[in-house]
Amino acid sequence: MARWCYRHRLVVLLLWVGALLGLGAAASTAGTDYANVFSLPNTDSKRAYDQMEKAFPERAGDTDTVVWKVDTGTVRDQSVQSRIQPALEKIGKMAGVGGVTSPYAGDRGAAQISANGKIAYAQITFAEQANAVPKQLVQDVVDTAQGAERGGLHVELGGQAIQRVQEPPTGLAEMIGILAAAVVLFLAFGSLFAMLLPIGIAIFGVGTGLFSTQLLSHVTSVPDLAPLLATLIGLGVGIDYALFIVTRHRRGILRGMDPEESAVTALNTSGRAVLFAGGTVCIALAGMLVTNLRFLDGVVIGTSLTVVFSVLAAVTLLPALLGFLGPRVLSRRQRRKLAADGPEPERASGFAARWSASVQKRPRSIAAMALVVMAILAIPVLSLRLGATDQGNDDASTTTRKAYDLLAEGFGPGFNGPLQVVSTSGDTNKLVQGIRSTAGVAQVAALPPAQGVTVIQVVPTTSPQSEKTDELIDTLRDKVIPDAGAQAHVGGVTAISKDFSTVTGDRLPLFIATIIGLGFLLLMIAFRSLVVPLTAALMNLIAAAASFGVLVAIFQWGWGLSLLGLGKEGPINAFLPVIMLSLLFGLSMDYQVFLVSRMHEEWVHTKDNARAVRVGLAETSRVINSAALIMVCVFLAFVLSGDSGAAMAGVGLAAAVALDAFILRTALVPAAMHLLGKSNWWLPAGLEKRLPHLAVEPAEEAESLPRASAGGPTVVHGFVRDAEGAPVDGAVLTLLSKGGRQLDRVTSLADGSYIVSVPTPGTYLLSATASSYGARARHVVVTDEPMVCDLELTEGEVDAVN
């Protein structure tokens, strides 16, 4: 497939451009139909919502608030009313505004003025839900209301629709993330064309994924959170997957390969790992389905589609683009050096090789240090509290936060999150009296009944995010309502948030067990080992604990929130653990696959665990760290999205990826694998026979050189000596095919001589290992004549063969 895409590059490019433009045109014509269908079946707040929906079906539009405060006098003064009242009347006449409830409208409006007369509010009911209200209408409402300000009169606005107009321009976070990734790629590659390749692949993958998700929103419920998260994950994996393949391709050209053969080899090695890694990400995302939280179904669809398109772009469009570039995928300096000095030798060098050797020499100390760092970062997770952020967590400079604070100042902290006790039978008066006498209740008001349903508005004395408010909800449900003999349910936004946190917390263990179990099975099948997937599962749990520890320290404790401009501390969004753990487990599995697949390749060739771990780390650590740095840049850019949920997810995922790549995959995992030795690759014989085969590494190819005869069996023979020229007795020599299948295995004699049998002429890998010596492996090209190949073993040698 890679060769076909490379040779038919124009056709492939036109097909992808046509798909992107076609889906874009269709999505633009159809528009969006995102629906935030939020349902918590079998919860008290859901039952309260259902009863209210039956009794008050007309309350469909979004309700926002205009709040004003005077420095002197009261809001009842004529000078204040003469400025506010005309603005409210003008807003009420705007198309798309259903109505305005003013505090100056009779006795009912008097409740909308604070006890000291300094603060008042009006409610604006739009004809549509917040996401469907045109932004221009919302902006007109904001401009009209704030136009009434004067010295000593402050006007602020709050609500979901208002929040939309204070968000940064759409696409700003994505553009900043792409620019940051471009800088990292240019520093890594030193070539403009090579830098553009991963970014182009990510754009095609994310574009087609988002347009497809937009079209699907017309036939299934997809929340508006889905495209944001799909962009977040799509940019990260799209750039990363292309980076892995392009790095392998560039290395092949530098080794002297023809560009086409190099591209085919890159796709047949790194491309396979990309396919496998993309599959693990989709499986981890699908793990969200076990929570049975239906609004997450659309998130799974959007994010998984984007990952699938990113993988398809990496394995089809990327080889086509490599065909257009040819050797120009290298920098000019690299091309000049290649022309002058010839191909580079196949060896790992630089800091990566030195670090890999250090991990091999001191695995215990490095593993201990990495564990201590991760344990310290994980300590805050012990105080993790799930909940829901609201406009009280917005930045202090925003009008929504100012309106929230004014309402809390004038009417009490619980005013921003009133509870709704929905009663369907029993003595309502007795229930109201019981609620009023309950500790933690500031105000109680029963609304006129409708269709046998009475709604009692309860304003707590504490804020919506306070633990005492949660305790009040439990008290009302468990004690007050039963004592009153009423049939009632506690609802409202605060109660829904509490129930959601409870449901999420209850289902989290099943969710974690599901995605860890599926990941374990995949890795076991791919690497034919029980220890490697078990290690990966433990590392995923460590990374999750440390990253949530960082989240708690920043967003719940408030450490550094002001520096990041992310508003006020509060609980961690209840939906975040599910979404973040899905993405984290999928992405960390990517790095595990890329790291261990190279180690496994070397293990199959040499059966030397120390060499396999050393070579695998030396050859992959740099590209894994570069990929992680790109993801960190992309994720952190979503701090600028204006959405608190996206900002929290961005910071959490950036921390998770950084810790996973820079500490776990480059230190703790290889150190643990050195300590475990050959047991890393242990798999019971009975299980080996029953497991299906999944080729992460390339399939074996018959690659024989032209020869004069049909060619029959022949041999490779020679001597194994040390650096001083002395024979090495007892060295183990193994002949392997290019696919890693062992063909012959012998031990050198006392004089260092050996002879291995070769089935047919072709290219093979010959490895030699001996105790107290480093391992040596080299490619041998065998014709139909016996071949002489002398090998030299050196103590402590790093001999990395691609």
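**Section: the sheet that holds strand β9 (residues 487–491)**
Argument step 1. Taken in spatial order, the 4 strands of this open sheet run β7-β8-β6-β9, and their pairing is antiparallel. Two strands in the sheet have a free side with no partner beyond their single neighbour: β7 (441–446) and β9. Sheet twist, expressed as the mean angle between neighbouring strand axes with direction ignored, is 20 degrees.
Argument step 2. As judged from the 5 bridges shared by strand β6 (residues 419–425) and β9, these two strands associate in the antiparallel manner. Residue pairing in the sheet places S425 in a bridge with Q487 of β9.
Argument step 3. Strand contacts of helix α17 (residues 428–436): β6, β7, β8 (454–460) and β9, with the helix running at about 5 degrees to β8, the strand carrying the most contacts.

**What about a nonpolar patch on the surface?**
Argument step 1. Where nonpolar side chains cluster on the molecular surface, the patch consists of F186, L192, F193 and L196 and spans about 370 Å² of accessible area.
Argument step 2. By residue number, the principal contributor to the nonpolar patch is helix α9 (residues 192–216), which donates 3 residues.
Argument step 3. The topology assignment puts L196 in helix α9.
Argument step 4. Residue classification places L196 among the partly exposed residues on the basis of a relative accessible area of 43%.

**Points about the nonpolar core**
Argument step 1. In this structure, M288, F555, Y591 and F635 are the most contacted members of the largest nonpolar core, which totals 154 residues.
Argument step 2. The leading source of residues in this core is helix α24 (residues 644–676), at 18 residues.
Argument step 3. F555 has contacts with L561, L566, E569, G570, I572, A647, M648 and V651, leaving out every residue within four places of it along the chain.

**Brief notes about the packing of aromatic side chains**
Argument step 1. If you walk through the whole model with that rule in mind, you get 8 aromatic pairs.
Argument step 2. These aromatic residues form a ring-pair network of at least three members: Y121, F411 and F415.

**Looking at the side chain of T399**
Argument step 1. Looking at the secondary structure, you find T399 in helix α16 (residues 399–411).
Argument step 2. Residue T399 is classed as buried on the basis of its relative accessible area of 13%.
Argument step 3. Of the polar contacts made by the side chain of T399, one reaches the side chain of E156; its length is 2.7 Å.
Argument step 4. A distance of 3.0 Å separates a polar atom in the side chain of T399 from the backbone nitrogen of L157.

**Let's talk about the pairing of β6**
Argument step 1. In terms of burial, β6 is largely enclosed, as 5 of its 7 residues are buried.
Argument step 2. Across 5 bridges, β6 lies against β8 in antiparallel orientation. In the strand pairing of β8, S423 is matched with T454.

**So, the confidence of the model for the chain**
The predicted coordinates should not be examined in detail at positions where pLDDT is low.
Argument step 1. Looking at the chain as a whole, the pLDDT averages 84, with 92% of positions reaching at least 70.
Argument step 2. Taken element by element, the chain is modelled with least confidence in helix α5 (residues 106–110), mean pLDDT 70, and with most confidence in helix α15 (residues 363–378), mean pLDDT 95.
Argument step 3. Low pLDDT, under 50, characterises residues 699–710; the stretch is placed with 15 contacts to residues that sit more than four places away or in other chains.

**Observations regarding the pairing of strand β1 (residues 63–70)**
Argument step 1. The buried count for β1 comes to 6 of 8 residues, which makes it a mostly enclosed element.
Argument step 2. Bridge count for β1 against strand β3 (residues 119–126) is 7 bridges, and the pairing is antiparallel. The residue of β3 that forms the bridge with V67 is Y121.
Argument step 3. As defined by bridge partners, β1 adjoins strand β4 (residues 153–158) across 6 bridges and the pair is classed as antiparallel. Looking at the pairing, V70 lines up with L153 of β4.

**Looking at the packing of helix α2 (residues 9–30) against α9**
Argument step 1. Taken N-terminus to C-terminus, the directions of α2 and α9 make an angle of 35 degrees; their axes are 9 Å apart at the nearest point. Two packed elements cross with a definite hand, and for α2 against α9 that hand is left-handed. Within the contact between the two elements, α2 uses W16, V17, L20, L23, G24, A26, A27, S28 and A30 and α9 uses F204, G207, T208, F211, S212, Q214 and L215.

**Some remarks on the environment of A173**
Argument step 1. Structurally, A173 can be placed in helix α8 (residues 172–189).
Argument step 2. Accessibility expressed as a relative area gives 4% for A173, which makes it buried.

**Overview of a positive patch on the surface**
Argument step 1. Residues R332, R333, R336 and K337 make up a contiguous surface patch of positive charge.
Argument step 2. Positionally, R336 belongs in helix α13 (residues 332–341).
Argument step 3. A residue is classified by how much of its surface remains accessible, and R336, at 55% relative accessible area, is exposed.

Analysis parameters
- Residues numbered from 1 in each chain as written.
- Predicted model: local features only at pLDDT ≥ 70, side-chain atom pairs only at ≥ 80, totals over all residues.
- Heavy atoms only, no water.
- Pairing = 2+ DSSP bridges.
- Helix = DSSP H or I, 4+ residues; strand = E, 2+ residues; numbered from the N terminus.
- Axes fitted to C-alpha atoms, helices over the stretch in contact; angles between N-to-C directions.
- Contact = heavy atoms within 4.5 Å.
- Patch = residues over 30% accessible without salt bridge, like charges linked within 9 Å, V, L, I, M, F, W, Y side chains within 5 Å.
- Areas by Shrake-Rupley, 256 points an atom, 1.4 Å probe, with all protein chains shown as cover.
- Salt bridge = Lys/Arg side-chain N within 4 Å of Asp/Glu carboxyl O.
- Buried < 20%, exposed > 50% of the residue type's maximum accessible area, 1.4 Å probe, protein only.
- Core = buried A, V, L, I, M, F, W, Y, C linked by side-chain atoms within 4.5 Å.
- Phe/Tyr/Trp six-rings, centres within 6.5 Å; stacked < 30°, edge-to-face > 60°.
- Polar contact = N/O pair within 3.5 Å; in protein donor to acceptor, adjacent residues only side chain to side chain.
- pLDDT = per-residue confidence, 0-100.
- Left-handed = near helix turned anticlockwise from the far one by under 90°.
- Lys, Arg positive; Asp, Glu negative; His and termini not counted.
- Charge placed at Lys NZ, Arg CZ, Asp CG, Glu CD.

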